[in-house]
Amino acid sequence: TKGPVRAWTKYTARKSKFLIAPTPSTKKYLRHIGVTRPISVIPTGIETALYRGNKNNSLSKYGISQKTPTLLYVGRLAAEKNIDFLLDAFKIVIAKVPSVKLLLVGGRPDREKYQSIIDKQGYSKSVIITGFLPREETIKIFGEADLFVFPSITDTQGIVIIEAMAAGTVPVAIDRYGPGDIIKDKLTGRLSDLDIKQFSAIILELLTDKRQRELLSHAATYQASKFDTKETAKFLETLYEKITISSSSRRGPQNKSSESERLWG
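Here the structure is a predicted model, which means the values were calculated and not measured.

Trainee: Now, about the overall build of the chain: what can you tell me, with residues and values included?
Mentor: Looking only at helices and strands, the chain features 10 helices and eight strands. For the chain, the C-alpha radius of gyration of 20 Å lies close to 18 Å, the compact-globule estimate for 265 residues. Projecting the C-alpha coordinates of the chain onto the three principal axes gives extents of approximately 65 × 40 × 30 Å. For the chain, with 265 residues in total, the buried portion stands at 49%. For the chain, long-range pairs separated by at least 24 residues make up 68% of all intrachain contacts whose partners lie at least 6 apart in sequence. Carbon and sulfur atoms provide 52% of the accessible area of the chain, an area that totals close to 13700 Å².

Trainee: Run through the pairing of strand E4 (residues 101-105), naming residues and quoting values.
Mentor: Side-chain direction in a regular strand flips from residue to residue, so the side chains alternate between the two faces of the sheet. Counting buried positions over the five residues of E4 gives five, a clear majority of the element. Neither face of E4 is left uncovered, since the one carrying Lys101, Leu103 and Val105 and the one carrying Leu102 and Leu104 both have all their residues buried. Here strand E3 (residues 70-74) runs beside E4; their pairing, made up of five bridges, is parallel. Along E4, the bridge assignment pairs Thr70 with Lys101. Between the parallel pair E3 and E4, the chain is carried across by helix H3 (residues 83-96), and the sense of this crossover is right-handed. In terms of strand pairing, E4 meets strand E5 (residues 127-129) through three bridges, oriented parallel. Within E5, the residue paired with Leu103 across the bridge is Ile128.

Trainee: How would you sum up the pairing of strand E7 (residues 170-174)? Please name residues and give values.
Mentor: Burial analysis of E7 places five of its five residues in the buried class, the great majority of the element. Of the two faces of E7, the one holding Val170, Val172 and Ile174 and the one holding Pro171 and Ala173 are both buried throughout. Judged from the four bridges that link them, strand E6 (residues 147-150) and E7 form a sheet pairing that is parallel. When the bridges of E7 are listed, Phe150 appears paired with Ala173. Considered for its hand, the β-α-β crossover made up of E6, helix H6 (residues 159-166) and E7 is right-handed. Looking at chain direction, E7 and strand E8 (residues 190-192) are connected through three bridges and run parallel.

Trainee: I'd like a description of the pattern of salt bridges, backed by residues and values.
Mentor: One pass over the full model with this rule turns up 10 salt bridges. We note a salt bridge from Asp146 to Arg213, for which the minimum N-O separation is 3.8 Å. Placement of the pair is Asp146 in the loop between helix H5 (135-142) and E6 and Arg213 in helix H9 (residues 210-225), with a sequence separation of 67 residues. Since its relative accessible area comes to 22%, Asp146 is described here as partly exposed. Measuring nitrogen to oxygen at the nearest pair gives 3.3 Å for the salt bridge that ties Glu205 to Arg190. Residue Glu205 is found in helix H8 (residues 196-207), and its partner Arg190 is found in strand E8; the two are separated by 15 residues along the sequence.

Trainee: Outline the side chain of Thr26, supporting the account with residue identities and numerical values.
Mentor: Its place among the elements puts Thr26 in helix H2 (residues 24-32). Sequence-distant contacts of Thr26, that is, excluding residues within four places in its chain, are made with Ala21 and Thr156.

Trainee: Talk me through the environment of Lys120; I want residue IDs and the actual numbers.
Mentor: Note that Lys120 resides in helix H4 (residues 111-121). Taking C-alpha positions, Lys120 is 21 Å from Arg76, a pair spaced 44 residues apart along the chain.

Trainee: An account of the packing of H3 against H4 is needed here, citing residue identities and associated values.
Mentor: Following both chains from N to C, one finds H3 and H4 inclined at 20°, their axes separated by 11 Å at the closest point. Classified by the angle their axes make, H3 and H4 are roughly parallel. Considering how the two elements wind past one another, H3 and H4 form a crossing that is right-handed. Seen from H3, the contacting residues are Ile83, Asp84, Leu87 and Lys91; seen from H4, they are Lys113, Tyr114, Ile117, Ile118 and Gln121. Grouping the constituent residues of the contact of H3 with H4 by class yields five nonpolar, one polar and three charged.

Trainee: Residues and numbers for the side chain of Ser25, please.
Mentor: Mapped onto the elements, Ser25 comes out in helix H2. In terms of polar contacts, Ser25 uses its side chain to reach the side chain of Asp181, at 2.7 Å. Leaving out residues up to four positions away in the same chain, Ser25 has contacts with Tyr177 and Asp181.

Trainee: Could you give an account of H9, naming the residues involved and the relevant values?
Mentor: The terminal C-alpha atoms of H9 lie 23 Å apart, and with 16 residues this matches the ideal 22 Å at 1.5 Å per residue to within 8%. Turning to H9, its buried residues are Gln212, Arg213, Leu216, Ser217, Ala220, Gln223 and Ala224. Along the long axis of H9, the arc covered by the buried residues comes to 135°, so they all point the same way. For H9, exposure combined with an orientation more than 90 degrees from the buried face picks out Arg211, His218 and Tyr222. Where the residues of H9 are buried, they touch E6, H6, E7, helix H7 (177-182), E8 and H8.

The rules behind the values
- Residues numbered from 1 in each chain as written.
- Predicted model: local features only at pLDDT ≥ 70, side-chain atom pairs only at ≥ 80, totals over all residues.
- Heavy atoms only, no water.
- Helix = DSSP H or I, 4+ residues; strand = E, 2+ residues; numbered from the N terminus.
- Rg over C-alpha atoms; globule rule 2.2 N^0.38 Å.
- Buried < 20%, exposed > 50% of the residue type's maximum accessible area, 1.4 Å probe, protein only.
- Contact = heavy atoms within 4.5 Å.
- Areas by Shrake-Rupley, 256 points an atom, 1.4 Å probe, with all protein chains shown as cover.
- Pairing = 2+ DSSP bridges.
- Right-handed = clockwise from strand over helix to strand, strands pointing away.
- Salt bridge = Lys/Arg side-chain N within 4 Å of Asp/Glu carboxyl O.
- Axes fitted to C-alpha atoms, helices over the stretch in contact; angles between N-to-C directions.
- Parallel < 35°, antiparallel > 145°, perpendicular 65-115°, else oblique.
- Left-handed = near helix turned anticlockwise from the far one by under 90°.
- Nonpolar A, V, L, I, M, F, W, Y, C, P; charged D, E, K, R; others polar.
- Polar contact = N/O pair within 3.5 Å; in protein donor to acceptor, adjacent residues only side chain to side chain.
- Expected span 1.5 Å × (residues − 1).
- Arc of directions from axis to C-beta.

Spelled out as structure tokens, the structure:
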């Protein structure tokens, strides 16, 4: 479907005066497929204050204590999220750290498929699928895990990564598209190639190095503050003002980098 999707994207873009991309990678992709309209990079913001200070042992209902090394994934349980990759990496991790737990917060469309795989591998007590959870409960869980593991290679942004960082949970993700823009490797989290051994090795390194986790956690929380809705709304408001002024003067919006792109520096 790549051909039709690209054609439709270009057609839609031509109907617009200005485009907003959530990450620099998305902007780069749009340019790559031939979109020529002006593009500003403004991320989708979150209310970062909601994610701070959530250390209330909310994982106990899943049989996970505060001392249990815990990996967290939040998102759809679907093939495009690369869940099979994550489960294969977990097999390597649990062989070295038998007490580790993996919490998958999500449900459809492939929950039954992955639950079957987990059961066949004998990890039903170590890998827990919660199904869909209310937003308030999910927000609390973000701050309870040791690491946020995100194997997706298709996300244009990865809002859940920003949510994890806002909660102080160190993210480990594949260096593709949005996640590769948001995480600064070895500064605010860790990035891996699409390599199961490397991905699992990074997880094991962080699980056994509490000091490194603490340093990354502090930096991640600070980085996430830049993506607060109050900040991103300012960028959006400024952009609308520029478009309004350029329209009233009968000049099209200028194709320049937006102020918001300093977020990614």
